[in-house]
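Structural features, examined
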Amino acid sequence: MQATATPCLKLVQASLLVLLIAACAVPPLFAQRFSWDAERENLTVLPEDISGPELRAVMQGFTQALGVRCEHCHDDSKGPRFSDLDFASDAKETKEITRTMMKMVRRINGEDLAEIDRPAEVRIGVTCITCHRGNALPITLEEDLNRVIVAEDVDAAIARYHTLRERYGDGFAYDFRVNTLNNLGYQLLGEDKIDEAIAIFRLNTEMYPQSSNAFDSLAEAYMKKGEPERAIALYQQSLVLNPNNDNAVEMLKQLKAKQ
Ligand code: HEC
Ligand code: HEC
């Protein structure tokens, strides 16, 4: 859970982190001024003598890679302000998980990838962002929405889609391209969740009204549901959008033959 941001904190998040922390740190709000050079109290993975700029680069790298703020991992039980954060405390599980992640990344790069026989200058290493892509949890949009369908229902998943799109639409945390909902719809069809599949394919036609494929998929779901009239109308729509959609031509032939 994120604490409510004060205007100061929002600025801090914006980017010029260190300068702004200094600018925001006006007494008496801040008992002790934050400094990247302060003595390290509780480092168990990073070297204890890590320099201020290096520590800052690592921590800012974490916030960017996960799309979070410092308090995602650091203890904010004393209050919502930056000055309230206790950086040495291990109260948050995410901080401990991060240590596991740091060791994992080190092992992947240092042991697993090191087995690939390529010169160092062309090797590509794994970093937090490789998996997290600006997301606190490295989960695909498809997987995320499917979890909501399983835990709640398809309406909740559609609401979540809109929330995520609003928040991450321009970023790379989730793939909002047309194939994501299409794949999820087919996964649901495969599980015989026909109504859920229809709701997801329909959402895709709303988000991508120019996608012939989105209409073709929705048509297929209605065919499975036993609603040939609707399927015919949707295949026709799909053909309007892409006259080369041979599948739609074929399906229309079959559907009309049965009528
Ligand atoms: C994804 C989790 C995560 C985020 C986000 C994060 N940190 Fe950290 N931070 C850690 C972990 C883990 C350690 C301890 C590393 C170790 O044990 O070697 C740490 C250690 C620190 C320390 C050293 C504390 C000490 O004395 O032991 C400071 C200072 C710090 N972080 C500042 C920040 C600031 C400022 C931010 C926001 C810009 C930030 N961190 C964001 C996980 C995070
Ligand atoms: C190889 C892929 C991969 C890399 C690289 C990776 N992570 Fe993760 N991370 C995961 C996965 C998968 C999970 C979810 C674990 C679970 O809950 O089952 C996760 C979970 C987390 C969590 C817990 C999230 C939560 O809210 O429960 C944190 C914090 C985290 N990672 C931080 C980091 C940091 C910081 C780095 C870089 C040092 C990093 N990860 C690198 C795959 C990765």
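The present account deals with the structure reproduced in this document.

1. Side note on the overall build of the protein chain
Looking only at helices and strands, the protein chain features twelve helices and zero strands. The order of helices and strands in the protein chain, counted from the N terminus, is α-α-α-α-α-α-α-α-α-α-α-α. Counting only residues that meet the buried cut, the protein chain has 21% of its 259 residues in that class. Restricting the contact set of the protein chain to residue pairs at least 6 apart, pairs at least 24 apart contribute 49%.

2. Remarks on the site of ligand 2
Ligand 2 sits among 16 residues. The nearest are Thr94, Ile97, Met101, Cys128 and Cys131. Contributions of two or more residues to the shell around ligand 2 are made by α3 (52–66), α4 (93–112) and α5 (128–132). The element best represented in the shell around ligand 2 is α4, accounting for six residues. Residues of the shell around ligand 2, tallied by class, amount to twelve nonpolar, four polar and no charged.

3. Observations regarding α3
Along its 15 residues, α3 runs 21 Å from first to last C-alpha, staying within 8% of the 21 Å computed at 1.5 Å per residue. Immediately downstream of α3, the backbone of Gly67 shows phi near 65°, a positive value.

4. Regarding the site of ligand 1
Contacts to ligand 1 come from 23 residues, most closely from Asn42, Leu46, Met59, Cys70 and Cys73. Secondary-structure elements contributing two or more residues to the shell around ligand 1 are α3 and α4. Here the shell around ligand 1 gets five residues from one element, more than from any other, and that element is α3.

5. Notes on the packing of helix α6 (residues 141–151) against helix α8 (residues 178–190)
Angle between the axes and distance between the axes are the two parameters that describe a pair of packed helices. At their nearest, the axes of α6 and α8 sit 9 Å apart, and the two run at 45° to each other. The orientation of α6 with respect to α8, classified from their angle, is oblique. Along this stretch, α6 crosses α8, giving a crossing that reads as right-handed. Between α6, through Leu141, Glu142, Leu145 and Asn146, and α8, the contact on the second element is made entirely by Thr180, Asn183, Leu184 and Gln187.

6. As for the nonpolar core
Counting 29 residues, the largest nonpolar core has Ile200, Leu218 and Ala219 as its most contacted members. Those elements that place two or more of their residues in this core are α6, α7 (154–168), α8, α9 (194–207), α10 (212–225), α11 (228–241) and α12 (246–258). Beyond its immediate stretch of four places on either side in the chain, Leu218 contacts Ile198, Phe201, Arg202, Thr205 and Leu234.

7. What to know about unusual backbone geometry
A positive phi angle, near 45°, is found at Arg133, a position not held by glycine. As for its placement among the helices and strands, Arg133 is situated in the loop between α5 and α6. On the basis of neighbour count, Arg133 is assigned to the partly exposed category, with 19 C-beta atoms found within 10 Å. With phi around 60°, Asp192 is a residue other than glycine that occupies positive phi space. By the secondary structure assignment, Asp192 is in the loop between α8 and α9. Assessed through the 9 C-beta atoms surrounding it within 10 Å, Asp192 is described here as exposed.

8. Observations concerning α8
Between its terminal C-alpha atoms α8 stretches 19 Å, which fits the 18 Å expected from 13 residues at 1.5 Å a residue. Taken residue by residue, α8 has Leu181, Asn182, Leu184, Gly185, Leu188 and Leu189 as its buried positions. In an axial view of α8, the angular spread of the buried residues amounts to 160°, which keeps them on one side of the axis. Of the residues one or two after α8, Asp192 is the one with positive phi, at around 60°.

9. Observations concerning the environment of Asp155
Examined against the element boundaries, Asp155 turns out to sit in helix α7. Considered as a pair, Asp155 and Ala199 are 44 residues apart in the sequence and their alpha carbons are 8.2 Å apart.

Reading guide: rules and limits
- Residues numbered from 1 in each chain as written.
- Chains lettered and ligands numbered in written order.
- Predicted model: local features only at pLDDT ≥ 70, side-chain atom pairs only at ≥ 80, totals over all residues.
- Helix = DSSP H or I, 4+ residues; strand = E, 2+ residues; numbered from the N terminus.
- Buried ≥ 20, exposed ≤ 12 C-beta atoms within 10 Å, placed from the backbone.
- Contact = placed C-beta atoms within 7 Å.
- Near = placed C-beta within 6 Å.
- Nonpolar A, V, L, I, M, F, W, Y, C, P; charged D, E, K, R; others polar.
- Expected span 1.5 Å × (residues − 1).
- Axes fitted to C-alpha atoms, helices over the stretch in contact; angles between N-to-C directions.
- Parallel < 35°, antiparallel > 145°, perpendicular 65-115°, else oblique.
- Left-handed = near helix turned anticlockwise from the far one by under 90°.
- Core = buried A, V, L, I, M, F, W, Y, C linked by C-beta atoms within 7 Å.
- Arc of directions from axis to C-beta.

The values reported here are purely geometric and, on their own, carry no functional implication.
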